[in-house]
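Residue strings, one per chain:
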Amino acid sequence: MSSTQPPTTLQATYFNGQVLKGTPVNVHCGAGQLVFFLGDTKHAIALRSVKRSESFGNAPIVFELPDGATLEFDRESSRNTLKFWNALSPSWFEKVQYHPTQWLLISLVSIAFAAGLYGQGLPLIGKWIAFATPQSKVSKFMEDVLPQLDGVIFQPSNLGDQAKATHQRQLKSLIANQAGLSHVKLAFRSSKIGPNAFALPDGTIVLTDELLNSLPAEIIPGVLAHELGHVELRHMTRRLLQNAMVGTLIATFSRDISILVSTLGTQLVAQHYSREFEREADLFAIELFVKQGRDLAALELLHEKLGSLDQSGSRNASYLDSHPGADERLQLIREKQQNKEAR
Ligand SMILES: [Zn+2]
């Protein structure tokens, strides 16, 4: 015979929901009912109508009665008895407290969900906003970016007027008949960060002297076409929006341009576009070349040159770092070339 029969009554404190002071009661459970006396009045309450609040740690176990009153049980002394009475129907929250593997599973699912939002959701939202906002608004809002960067990472260009005019002509012929790219401008700068090219959100393409000096002029259209891809696809705006959404660029919306620009400068130098954006820009460049009847050999040469620059030790250039390997890009160009010839 068991010597540890659970008790048939439990001490609890009754709160009527109107006054703070509780009344001690003896609670009995039977036939699916909680039974207790308040003075001479018998209260019999169906268990299934009783809600039990989530509780954890050493907090009392609280039963919410249908009329708004509550019964509080001391967790430690009452839990086993309530269990024996089948009066406990633990919430998922309480269940997982006692099942670490479930916790782990729930945590993993939460992390996966958050990563999904970050990895998939935010880029999608960023893309939607970037394309829903008229370019003229983006340009207006971002027009101060370059002047601000001038104090941080750029210095005036030392390039001759003739070379500048050549590249301006190259840009002009690339954007001829490209309706969405008529706002694109070129800016020449010398930079502390070496050979580089950037497409700013307002459509300004910045070419550094260091890049122009290390590449033959005839392959610069390839660089420009790639950057035009970033402009057309609004990559910089999308990346800024993504960052803004995760809170590192709140200043974008507060119009505090100095914070924006200090962050943008850091990003330009330190952060790379995703490989997906790079591939999209590469593809755009190839298609633009094909559309305009240009020789894809110029793009091939560009990537060969970039590849060799890459190996020559000028590694602090994000333009080079961020771009897919030369082999990969040459492969892409050759595939396009073959498709073209097969037609
Ligand atoms: Zn790029």
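Reading the values: the criteria
Residues numbered from 1 in each chain as written. Predicted model: local features only at pLDDT ≥ 70, side-chain atom pairs only at ≥ 80, totals over all residues. Heavy atoms only, no water. Phe/Tyr/Trp six-rings, centres within 6.5 Å; stacked < 30°, edge-to-face > 60°. Helix = DSSP H or I, 4+ residues; strand = E, 2+ residues; numbered from the N terminus. Buried < 20%, exposed > 50% of the residue type's maximum accessible area, 1.4 Å probe, protein only. Lys NZ or Arg CZ within 6 Å of the ring centre and 35° of its normal. Pairing = 2+ DSSP bridges. Axes fitted to C-alpha atoms, helices over the stretch in contact; angles between N-to-C directions. Parallel < 35°, antiparallel > 145°, perpendicular 65-115°, else oblique. Left-handed = near helix turned anticlockwise from the far one by under 90°. Contact = heavy atoms within 4.5 Å. Nonpolar A, V, L, I, M, F, W, Y, C, P; charged D, E, K, R; others polar.

**Observations concerning the packing of aromatic side chains**
Move 1: Across all of its chains, the model carries 3 aromatic pairs by this definition.
Move 2: Taking 5.6 Å as the distance between ring centres and 45° as the angle between the ring planes, the aromatic pair formed by tyrosine 14 and phenylalanine 36 counts as tilted. Of this pair, tyrosine 14 sits in strand β1 (residues 9-15) while phenylalanine 36 sits in strand β3 (residues 33-38); the two residues are 22 residues apart in sequence, bridging distant segments of the chain. In this structure, tyrosine 14 and phenylalanine 36 share a single accessibility class: buried.
Move 3: Here the basic side chain of arginine 294 rests over the ring of phenylalanine 289, its NZ or CZ set 5.6 Å away from the ring centre.

**A word on the pairing of strand β6 (residues 61-64)**
On a regular strand, one side chain projects to one face of the sheet and the next to the other, so that they alternate.
Move 1: Bridge count for strand β5 (residues 51-52) against β6 is 2 bridges, and the pairing is antiparallel. Paired with arginine 52 across the strands is phenylalanine 63, a residue of β6.
Move 2: Adjacent in sequence and paired antiparallel, β6 and strand β7 (residues 70-73) are bridged by 5 residues, among which glycine 68 carries a positive phi angle near 95°.

**A look at the packing of helix α8 (residues 220-232) against helix α12 (residues 275-291)**
Move 1: The contact between α8 and α12 brings their axes to 8 Å, and the two run at 120°. Looking at the two axes, α8 sits oblique to α12. Every pair of crossing elements has a handedness; the one defined by α8 and α12 is right-handed. Contacts between α8 and α12 pair Pro221, Gly222, Ala225, His226, Leu228, Gly229, His230 and Glu232 from the former with Phe277, Glu278, Ala281, Asp282, Phe284, Ala285, Leu288 and Phe289 from the latter.
Move 2: In the contact of α8 with α12, the residues fall into 9 nonpolar, 4 polar and 3 charged.

**Remarks on the environment of threonine 13**
Move 1: Tracing the sequence through the fold places threonine 13 in strand β1.
Move 2: Considering only alpha carbons, one finds threonine 13 and leucine 71, 58 residues apart in sequence, at a separation of 5.5 Å.
Move 3: Residue contacts for threonine 13: discarding those within four places in its chain leaves Gly22, Thr23, Pro24, Thr70, Leu71 and Glu72.

**Points about the side chain of threonine 70**
Move 1: Along the polypeptide, threonine 70 turns up in strand β7.
Move 2: Non-local contacts of threonine 70, meaning those with residues more than four positions away in its chain, are made with Thr13, Tyr14, Phe15, Val62, Phe63 and Glu64.

**A short note on the sheet that holds strand β8 (residues 154-156)**
Remark on secondary structure: sheet strands pair via backbone hydrogen bonds, oriented parallel or antiparallel.
Move 1: Ordered in space as β8-β9-β11-β10, the 4 strands form an open sheet in which the pairing is mixed. Since the sheet does not close on itself, it has two edges, and those belong to β8 and β10 (197-199), each with one partner. Within the sheet, the average angular offset between the axes of one strand and its neighbour, ignoring direction, is 40°.
Move 2: Here strand β9 (residues 185-191) pairs with strand β11 (residues 204-208) via 5 bridges, running parallel. The residue bridging lysine 185 from the neighbouring strand is threonine 204, located in β11.
Move 3: Where α8 meets the sheet, it contacts β9, β10 and β11, and its direction lies at approximately 145° from that of β11.

**Description of the environment of asparagine 80**
Move 1: Here asparagine 80 lies in helix α1 (residues 75-84).
Move 2: Residue class for asparagine 80 comes out exposed when judged on its relative accessible area of 59%.
Move 3: Along the primary structure asparagine 80 and proline 6 are separated by 74 residues, whereas in three dimensions their C-alpha atoms are 8.1 Å apart.

**Looking at the sheet that holds strand β2 (residues 23-30)**
Move 1: Spatially, β4-β3-β2-β1-β7-β6-β5 is the arrangement adopted by the 7 strands of the open sheet, whose pairing is antiparallel. Both edges of this open sheet fall to β4 (41-46) and β5, since each of them pairs with a single strand only.

**Brief notes about the packing of helix α6 (residues 161-175) against α8**
Move 1: Contact geometry for α6 and α8: axes closest at 10 Å, N-to-C directions at 50°. The angle between the axes of α6 and α8 places the two elements in the oblique class. The interaxial crossing formed by α6 with α8 has right-handed handedness. Contacts between α6 and α8 involve His167, Gln170, Leu171, Leu174 and Ile175 on the former and, on the latter, Ile220, Pro221, Leu224, Ala225 and Leu228.
Move 2: Taken together, the residues of the contact of α6 with α8 sort by class into 8 nonpolar, 2 polar and no charged.

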